[in-house]
Amino acid sequence: MSPTATRPFMLALGTASLLAASAVAPTAVAAPAESRPSVVLDWYDTTARTIAAAGAPTQVTNSRTWAVTWLAGARAGREVPTGVDRGDYQDAALASAVHRSLVALVPTRTEQLDAAFRRTLDGIPDGPAEDRGVAAGEREARSVLASRKGDGLDPASVDAPFTVPPAAPGVWQPTPPAYAPATQYGNRVARPFVLAAPDQFRLGPPPALDSRRYRSDLAEVRAYGAADSTRRTAHQTETANFWYGSSLTLYTEPLRVALSRSAGSVEERAKLVALFHIASVDTQIATSDSKYAYLRWRPVTAIRTGAIDSDPDWTPLHNTPAHPDYPSGHNTFAGAAEEILSALTGPRTAPFELTSPTAPGVIREYTDWHRLTAENVDARILSGIHTRSADESGVALGKKVAAYVLRVSGRLLR
């Protein structure tokens, strides 16, 4: 079944589930007017700029920076002392926690972060609320940073060396054109934020190579994901290009949209950011666990060397990332993001626009979080780099991890 044919079916299922969920889950609404600029949004944007300018080369490390920073911010504002202004205290606590954490994790941006912190404090009246909030933020930043020391999410640990097994049907091998060494192998032994172990939600095995499902999956990628495909439409090519980049980058704006429309307190909004990225980190760890447990080869390897009527010249639309097919990391990220955003802000929101650095000039409009997931599923097939079973299993894994993060969030936020 083609991506074009399956999309209406998938979106119909998504629409039904969204309508059912909307009966019990709130829809994100515009935040109330504020008497001064939103400290939450200011520090969200500061975090995004900091990571974009000087972040790590590994996505999960940058997700960890977000998670550590905003977990400290959420904790800092959870208990407001008596006798001080609640808003002033929470603004100071959040800014202090995020500032202190980012300076520790991205020290090359200290000058810019110090300037941003001074601007925030200039907007808060001097006095006990500001002083005690700053102290609380620094205290929580130190605590969270200490708790995550040596968690195995630094770039060297994430991309630990991997010995490629001998070539065999179904077994992952480095892929053209670079035939680069495997990446993200070290994620599988990193320390999660909340999962009991990286394999807590390990997927069952991928479809057998001789199964009808796998043959169908591979035929779909072969037809729609080839660089010279005559079946893929212009809109489908646009979808593949739009979602080709980093998931962390692509979801920074949707999370900001949800944050800007939340009517929650400073603490509640900080919690949204923290749980989103905690779920992202743990999902990426769980993804690598399943990837390297099964070592399923990529479509380009299967089509060139192992499929019936193999085609040694077949080339995907986009270069294949250097790690196994099953499950799709883009889709585990998307599944986790959808689960957190739907649970904490409602499944639908007013229309918002997104752009993508890998699709210049393209603007897409969305009104629900599920559509982002559905497009990610199709995009990786249309790029020629994942099978549908890898994509759909990825969504399921991401949702399971995120649901677990939500269930145990109380112990994270104390």
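Just so we're clear, the structure is a prediction, and the values are computed from it rather than from any experiment.

**Student:** Would you mind going over the overall build of the protein chain with me for this structure?
**Tutor:** Counting its regular elements, the protein chain contains 17 helices and two strands. A compact globule built from 414 residues would reach a C-alpha radius of gyration of about 22 Å, and the protein chain, at 22 Å, matches this within 12%. Seen through its principal axes, the protein chain has C-alpha atoms that stretch 75 × 45 × 35 Å. For the protein chain, the residues scored as buried account for 55% of the 414 residues in total. Sequence-distant contacts, at least 24 apart, represent 82% of the contacts inside the protein chain between residues at least 6 apart. Counting every atom, the protein chain has about 16800 Å² of accessible surface; 55% of that belongs to carbon and sulfur. Averaging the locations of the 43 positively and 42 negatively charged side chains of the protein chain gives two centres separated by 4 Å.

**Student:** How do you make sense of the packing of helix α14 (residues 329–345) against helix α15 (residues 370–382) when you look at a structure like this?
**Tutor:** Axes are the key here: two packed helices are described by the angle between their axes and the distance separating the axes. Where α14 contacts α15, the two axes come as close as 9 Å, and the packing angle between them is 170°. By the criterion of interaxial angle, the relationship of α14 to α15 is roughly antiparallel. Of α15, the residues touching α14 (which contributes H330, N331, A334 and E338) are H370, T373, N376, V377 and R380. A per-class count over the contact of α14 with α15 returns two nonpolar, five polar and two charged.

**Student:** Quick question: what am I supposed to make of the environment of D217 here?
**Tutor:** In this structure, D217 sits in helix α8 (residues 212–224). On the basis of relative accessible area, D217 is assigned to the buried category, the value being 2%. Beyond its immediate stretch of four places on either side in the chain, D217 contacts T387, R388 and S389.

**Student:** Any chance you could explain the pattern of salt bridges here in plain terms?
**Tutor:** One side chain can pair with another of opposite charge once the charged atoms of both are near each other. As enumerated under the stated definition, the model contains 16 salt bridges in all. One salt bridge connects R148 with D151, and the closest N-O pair in it is separated by 3.1 Å. Per residue, the accessibility class of R148 equals that of D151, and both read buried. Close ionic contact of E375 with R371 constitutes a salt bridge, the shortest N to O distance being 2.9 Å. Here E375 pairs with R371, and both are found in helix α15, just four residues apart, close to one helical turn.

**Student:** Before we go on, may I ask you to explain the nonpolar core in this structure?
**Tutor:** Considering soluble globular proteins, one finds that nonpolar side chains tend to be buried as a cluster. With 87 residues, the main nonpolar core has W43, W70, W243 and I278 as its most contacted residues. Element by element, the count of residues in this core is highest for helix α12 (residues 266–294), at twelve residues. Excluding anything up to four places from it in sequence, W70 contacts V40, W43, Y44, T47, L94, V98, A270, V273 and A274. In this structure, Y214, A226, W297 and I303 belong to the second largest nonpolar core, which totals ten residues.

**Student:** Can you help me understand the packing of helix α2 (residues 39–54) against helix α4 (residues 86–105) in this one?
**Tutor:** Relative to each other, α2 and α4 sit at 10°, their axes nearing to 10 Å. Comparing their axes, α4 and α2 come out roughly parallel. Within the contact between the two elements, α2 uses V39, V40, W43, T47 and T50 and α4 uses D91, L94, A95, V98, H99 and L102. Per-class residue counts for the contact of α2 with α4 are seven nonpolar, three polar and one charged.

**Student:** Before we go on, may I ask you to explain the packing of aromatic side chains in this structure?
**Tutor:** Each aromatic ring pair is specified by the distance between its two centres and by the angle formed by the two planes. This structure, assessed with the given rule, holds 14 aromatic pairs. Here Y44 and W66 contribute two aromatic rings whose centre-to-centre distance is 4.9 Å and whose plane-to-plane angle is 50°, an arrangement assigned as tilted. Residue Y44 is located in helix α2, and its partner W66 is located in helix α3 (residues 59–76); the two are separated by 22 residues in the primary sequence. Both residues of the pair, Y44 and W66, belong to the buried class. Aromatic rings pair up to connect F242, W243, Y251, F276 and F333 into one cluster. Here the basic side chain of R364 rests over the ring of F242, its NZ or CZ set 5.5 Å away from the ring centre.

**Student:** Explanation requested: helix α6 (residues 128–147) in the structure shown.
**Tutor:** Residues that lie three or four places apart on an α-helix share one face, since the helix turns once every 3.6 residues. When the terminal C-alpha atoms of α6 are compared, their 28 Å separation across 20 residues agrees well with the 28 Å that a helix rising 1.5 Å per residue should span. Turning to α6, its buried residues number three or more, namely A129, E130, G133, V134, A136, G137, E140, A141 and V144. Projected down its long axis, α6 shows its buried positions confined to an angular sector of 165°, all on one face. Relative to its buried face, α6 has exposed residues pointing more than 90 degrees away, namely P128, D131 and A146. Turning to α6, the residues buried within the fold contact α3, α4 and α5 (110–122).

**Student:** Would you explain α2 in this entry?
**Tutor:** The end-to-end C-alpha distance of α2 is 22 Å, a good match for the 22 Å that 16 residues give at a rise of 1.5 Å each. All of the buried residues along α2 are V39, V40, L41, W43, Y44, T46, T47, T50 and I51. Buried residues belonging to α2 abut α3, α4, α5, α11 (252–261) and α12. The backbone nitrogen of V40 lies 3.4 Å from a side-chain oxygen of the residue at the head of α2, namely S38.

**Student:** Help me out: how do you make sense of unusual backbone geometry in this one?
**Tutor:** The phi torsion of most residues other than glycine is negative, and most of the peptide bonds are trans. Here P176 and P177 are connected by a cis peptide whose omega angle stands at 5°. As for its position among the elements, P177 is in the loop between α7 (155–158) and α8. Residue P327 is reached from Y326 by a cis peptide bond, and omega for that bond is 0°. In this structure, Y179 takes a positive phi of about 50° despite not being glycine. Tracing the backbone through its elements, the reader meets Y179 in the loop between α7 and α8. Look at Y179 and you get partly exposed, because its relative accessible area is 49%. If you check the backbone angles, Q184 has positive phi at about 70° while not being a glycine.

Rules used throughout
Residues numbered from 1 in each chain as written. Predicted model: local features only at pLDDT ≥ 70, side-chain atom pairs only at ≥ 80, totals over all residues. Heavy atoms only, no water. Helix = DSSP H or I, 4+ residues; strand = E, 2+ residues; numbered from the N terminus. Rg over C-alpha atoms; globule rule 2.2 N^0.38 Å. Buried < 20%, exposed > 50% of the residue type's maximum accessible area, 1.4 Å probe, protein only. Contact = heavy atoms within 4.5 Å. Areas by Shrake-Rupley, 256 points an atom, 1.4 Å probe, with all protein chains shown as cover. Lys, Arg positive; Asp, Glu negative; His and termini not counted. Charge placed at Lys NZ, Arg CZ, Asp CG, Glu CD. Axes fitted to C-alpha atoms, helices over the stretch in contact; angles between N-to-C directions. Parallel < 35°, antiparallel > 145°, perpendicular 65-115°, else oblique. Nonpolar A, V, L, I, M, F, W, Y, C, P; charged D, E, K, R; others polar. Salt bridge = Lys/Arg side-chain N within 4 Å of Asp/Glu carboxyl O. Core = buried A, V, L, I, M, F, W, Y, C linked by side-chain atoms within 4.5 Å. Phe/Tyr/Trp six-rings, centres within 6.5 Å; stacked < 30°, edge-to-face > 60°. Lys NZ or Arg CZ within 6 Å of the ring centre and 35° of its normal. Expected span 1.5 Å × (residues − 1). Arc of directions from axis to C-beta. Polar contact = N/O pair within 3.5 Å; in protein donor to acceptor, adjacent residues only side chain to side chain.

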